[in-house]
Amino acid sequence: MELRYLEEFILLAQHNNFHRAAEKLFITQPTLSNHIRSLESELGFELIDRRNGNRLTQAGAIFYWDATKAVDIINESIEQCAKVANSNTEPDSTPLRIVASPLYEFRQHLQEQALITNRALSIEFVDYDLTRPVLAPLINGEVDIVAIYDVPEIRKEAARHDLLCRTHGVEHYAVFFSTDNPIASSDLTKETVSAVTVAEHRQFAVGPWKTAICDMLGKDIPIRVLDDSSNDETWEGDMDGNLGVGTLQSTIAICEKNPDITYRTTLDGKPISHAMMLVYNPEAIPSYAIDFIDSLPST
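A. Representation of the pairing of strand E3 (residues 96-99). As judged from the 4 bridges shared by E3 and strand E4 (residues 123-126), these two strands associate in the parallel manner. Considered in E4, the bridge of arginine 97 is made with glutamate 124. Alignment of E3 against strand E5 (residues 145-149), held across 2 bridges, turns out to be parallel. When the bridges of E5 are listed, valine 99 appears paired with valine 146.

Shown next, in the form of structure tokens:
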């Protein structure tokens, strides 16, 4: 099936007139008519009701919308592929350094997107250094991109240093608690969660981490800071009626080690998630890295 025949059919459907459509396409009316008949022959049904003012048939109306989406997708793909193929700056042996937690499924998502955009693009992931401000490695030129929650304080900090923010994707989270917790017997709502305290490690109970928790669970959610800064072993004992919140990946790992802990992935019937963004300095990264960022759909 020829792409140009689909494009001609779409234009014809929009103008509802062979003559006007042919003029827009810079072809003759008989040529357009022949192309549409060829398309109909290939499809096995009529698209145009020539006995009724060249209106779309019922099948043609359905096909029009799907053909429009298909042509848009194909043209967008061609444009992206051409940009990669014609780029004068190809990735060298130096990988693109991105700060992203190993607990993020978003990290794997970025790796997959890089393969789609340019298979020659190499990515080296760097863990967060929780003893430093989140954007410090980027500001100091140690990394190329920071993947972080899309929260106001990070955007303000980025603006102060002339960094750009690109919203893309989400990270899925879960709320976990003891199986004997009263809220385990029903679906989670913001109302029920607001009546229970969230226990969180000290480093995650401040700054963008705290903002993200409040965005997902409610701005007035009470948060109790744990006395230690240990890892998931903290959750081996009794949770004292508290809730925990973590990435879906880390929560599953916690529950696998602790059979007395269960989790939920929805709140008020909606998935628990938070928008993510990429922060970068457009003046300090190579053009192929910017092409990679630009290829990601905004969300």
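Resuming the write-up.
B. Examining helix H9 (residues 207-217) more closely. Residues of H9 that are buried: Pro208, Trp209, Ala212, Ile213, Cys214, Met216 and Leu217. Note on H9: the residue one or two positions beyond its end, glycine 218, has a positive phi of about 130°.

C. Representation of the nonpolar core. Membership of the largest hydrophobic core comes to 56 residues, with the highest contact counts inside it found for Leu110, Val146, Ile148, Tyr149, Leu217, Val279 and Phe292. Here this core gets 6 residues from one element, more than from any other, and that element is H9.

D. Here's a closer look at the packing of helix H2 (residues 18-25) against helix H3 (residues 29-43). For the pair H2 and H3, interaxial distance at closest approach is 9 Å and the crossing angle is 100°. In terms of axis orientation, H2 runs roughly perpendicular to H3. Within the contact between the two elements, H2 uses Phe18, His19, Ala21, Ala22 and Leu25 and H3 uses Gln29, Leu32, Ser33 and Ile36. Residue composition of the contact of H2 with H3, grouped by class: 6 nonpolar, 3 polar and no charged.

E. Geometry of the packing of helix H1 (residues 3-15) against H3. Between H1 and H3, the least distance of the axes is 10 Å, while the angle of their chain directions is 110°. If you check the angle between H1 and H3, you find them roughly perpendicular. The interaxial crossing formed by H1 with H3 has left-handed handedness. Within the contact between the two elements, H1 uses Arg4, Tyr5, Leu6, Glu8, Phe9 and Leu12 and H3 uses Leu32, His35, Ile36, Ser38 and Leu39. Among the residues making up the contact of H1 with H3, the classes are represented as 7 nonpolar, 2 polar and 2 charged.

F. Examining the packing of aromatic side chains more closely. Tallied over the entire structure, the rule returns 6 aromatic pairs. Plain terms: the ring middles of phenylalanine 9 and phenylalanine 63 are 5.7 Å apart, the flat faces sit at 45° to each other, and that makes the pair tilted. One end of the pair, phenylalanine 9, is in helix H1; the other, phenylalanine 63, is in helix H4 (residues 58-85), with 54 residues separating them in the sequence. Both rings, one in tyrosine 149 and one in tryptophan 209, keep their centres 5.7 Å apart while their planes meet at 85°; by these two values the pair is edge-to-face. With tyrosine 149 in strand E5 and tryptophan 209 in helix H9, this pair connects stretches of sequence that are 60 residues apart. The same class applies to tyrosine 149 and to tryptophan 209, which are both buried. Among the aromatic residues, ring-to-ring pairing joins Tyr128, Tyr149, Tyr173 and Trp209 into one connected group.

G. Broad picture of unusual backbone geometry. Even without being glycine, phenylalanine 26 reaches a positive phi, approximately 60°. Within the secondary structure layout, phenylalanine 26 lies in the loop between H2 and H3. Relative accessible area serves as the criterion here: at 77%, phenylalanine 26 is assigned to the exposed category. One non-glycine residue, aspartate 162, lies in positive phi territory at about 60°. Within the fold, aspartate 162 resides in the loop between helix H7 (152-160) and strand E6 (164-178).

H. How the structure looks around the pairing of E5. The element E5 is extensively covered by neighbouring structure, given that 5 of its 5 residues are classed as buried. As paired strands, E5 and strand E13 (residues 273-280) are joined by 5 bridges and run antiparallel to one another. In the strand pairing of E13, alanine 147 is matched with leucine 278.

I. Up close: the pattern of salt bridges. Within the structure shown, the criterion is met by 10 salt bridges. Arginine 97 is the salt-bridge partner of glutamate 124, the closest N and O atoms lying 2.6 Å from each other. Within this pair, whereas glutamate 124 is found in strand E4, its partner arginine 97 is found in strand E3, the two being separated by 27 residues in sequence. Exposure remark for glutamate 124: the relative accessible area of 33% places this residue in the partly exposed category.

J. Geometry of the environment of tyrosine 173. One can find tyrosine 173 in strand E6. Residue classification places tyrosine 173 among the buried positions, given a relative accessible area of 6%. Considering only alpha carbons, one finds tyrosine 173 and isoleucine 213, 40 residues apart in sequence, at a separation of 9.5 Å. Excluding residues within four positions of it along the chain, tyrosine 173 makes contact with Tyr104, Tyr149, Met216, Val245, Gly246, Thr247, Leu248, Thr265, Ile272 and Ser273.

The rules behind the values
Residues numbered from 1 in each chain as written. Predicted model: local features only at pLDDT ≥ 70, side-chain atom pairs only at ≥ 80, totals over all residues. Heavy atoms only, no water. Pairing = 2+ DSSP bridges. Helix = DSSP H or I, 4+ residues; strand = E, 2+ residues; numbered from the N terminus. Buried < 20%, exposed > 50% of the residue type's maximum accessible area, 1.4 Å probe, protein only. Core = buried A, V, L, I, M, F, W, Y, C linked by side-chain atoms within 4.5 Å. Axes fitted to C-alpha atoms, helices over the stretch in contact; angles between N-to-C directions. Parallel < 35°, antiparallel > 145°, perpendicular 65-115°, else oblique. Contact = heavy atoms within 4.5 Å. Nonpolar A, V, L, I, M, F, W, Y, C, P; charged D, E, K, R; others polar. Left-handed = near helix turned anticlockwise from the far one by under 90°. Phe/Tyr/Trp six-rings, centres within 6.5 Å; stacked < 30°, edge-to-face > 60°. Salt bridge = Lys/Arg side-chain N within 4 Å of Asp/Glu carboxyl O.

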